[in-house]
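# Overview (structure and organization)
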Amino acid sequence: MTARAADDSALWIAALIRQFPELARELAPGRSGPFDSHASYGGRPPAPPRPAAEARMREEKREALLLQQRHGLAVPGYGAAPIRLHVSDTIRDITDGVVELEEAACARLGVPRPSAAGVPVRLRRIAALLEQIGAHPVLARHVRDELRRMARRCARALGDTEQVVRVAGRCPWCDSVSLRAFPDRRAVLCVNPACRCTDEECGCRDDPAYRHLWPEGEWAPLAAAAGCRTDELDAAMEGTAP
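The paragraphs below set out a description of the structure included in this document. Within each chain, residue numbers correspond to sequence positions counted from 1 in written order. Totals for whole chains, interfaces and linings use all residues, but because this is a predicted model, local features are given only for residues with pLDDT of at least 70 and pairs of side-chain atoms are given and counted only at 80 or more. Calculated side-chain values reflect all of the structure's heavy atoms, with hydrogen atoms and water omitted.

### Details of the sheet that holds strand 1 (residues 165-166)
Sheet strands pair by backbone hydrogen bonding; their relative direction is either parallel or antiparallel. Let me state the cut-off plainly: Strands are treated as partners if at least two bridges between them are detected by DSSP. Helix and strand assignments follow DSSP, with helices taken as H or I runs no shorter than four residues and strands as E runs no shorter than two, numbered in order from the N terminus.
What the four strands build is an open sheet, ordered 1-2-3-4; its pairing is antiparallel. Only two strands of the sheet have a single partner each, and these edge strands are strand 1 and strand 4 (213-215). Here strand 2 (residues 179-182) runs beside strand 3 (residues 187-190); their pairing, made up of four bridges, is antiparallel. When the bridges of strand 3 are listed, A181 appears paired with V188.

### Notes on the state of the cysteines
Stated precisely, the cut-off is as follows: Note on terminology: pairs of cysteine sulfur atoms within 2.5 Å are recorded as disulfides.
One pass over the structure, following the stated rule, counts zero disulfides. Free cysteine C174: the closest other cysteine sulfur is in C190, separated by 3.7 Å.

### A few points about helix 7 (residues 137-158)
Counting along an α-helix, one turn takes 3.6 residues, and residues three or four places apart therefore face a common direction. Applied cut-off: Helix span is expected to be 1.5 Å times the residue number reduced by one.
Between its first and last C-alpha, helix 7 extends 32 Å over 22 residues, near the 32 Å set by a 1.5 Å rise per residue. Following helix 7 by one or two positions, G159 adopts a phi angle in the positive range, close to 75 degrees.

### Let's talk about the pairing of strand 2
Filter applied, for reference: The rule is simple: take the accessible area with a 1.4 Å probe, protein chains only, and divide by the maximum for that residue type; under 20% is buried, over 50% is exposed, in between is partly exposed.
Burial along strand 2 is two-sided: L179 and A181 and R180 and F182, pointing in opposite directions, are all buried. Remark: four residues form the turn of the hairpin made by strand 2 and strand 3, two consecutive strands paired antiparallel; R186 in that turn has positive phi of roughly 50 degrees.

Take a look at the structure:
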């Protein structure tokens, strides 16, 4: 794995560590008044729930208990509030994906099987293995792609729209005005789908969903080649660019 690809994997890990705990807060939306008092019914108690609603509530309670037991995520203030099942599906997918990814990496590297732990702990352990993972190109690509997939699914479940800031200058590889700063990742990407660099290990060469990326350590040579200034990149990352 090149230093660029390792940095990319580390960025996805950082995004997951930051966002995964937020999924628990998105599981149950806030409750409204009708079920909190009889006021909305003119002093009369609400009608008993229909069988379909009762079945749904039982399923949602089961989901909340499963999430707490299996993933260590308790739904804040959970009572009879509905569970957002697409969020719980995301939690399970990411949890299972991180467990499988860490176990696969350890098995390929010949290190002891990892002990049980929460998602953030496992992600930090994967980050500590990135240098060793780099010696195995197939594994390295799989790790990077899986981390990217899970981070994007997490962001979609949270409804996040990543901030994008246009950067002055032209891409050193495709000469288009397609450079963009992504402050959440503290990285600059070329968003031109046709852009290809000369690094044979860079994902932009064979993955249509991948974009060439410059991490913070490469901003100085990027600025020199693109015709912009490093202080402009800093301003874009801090949200103070004009």
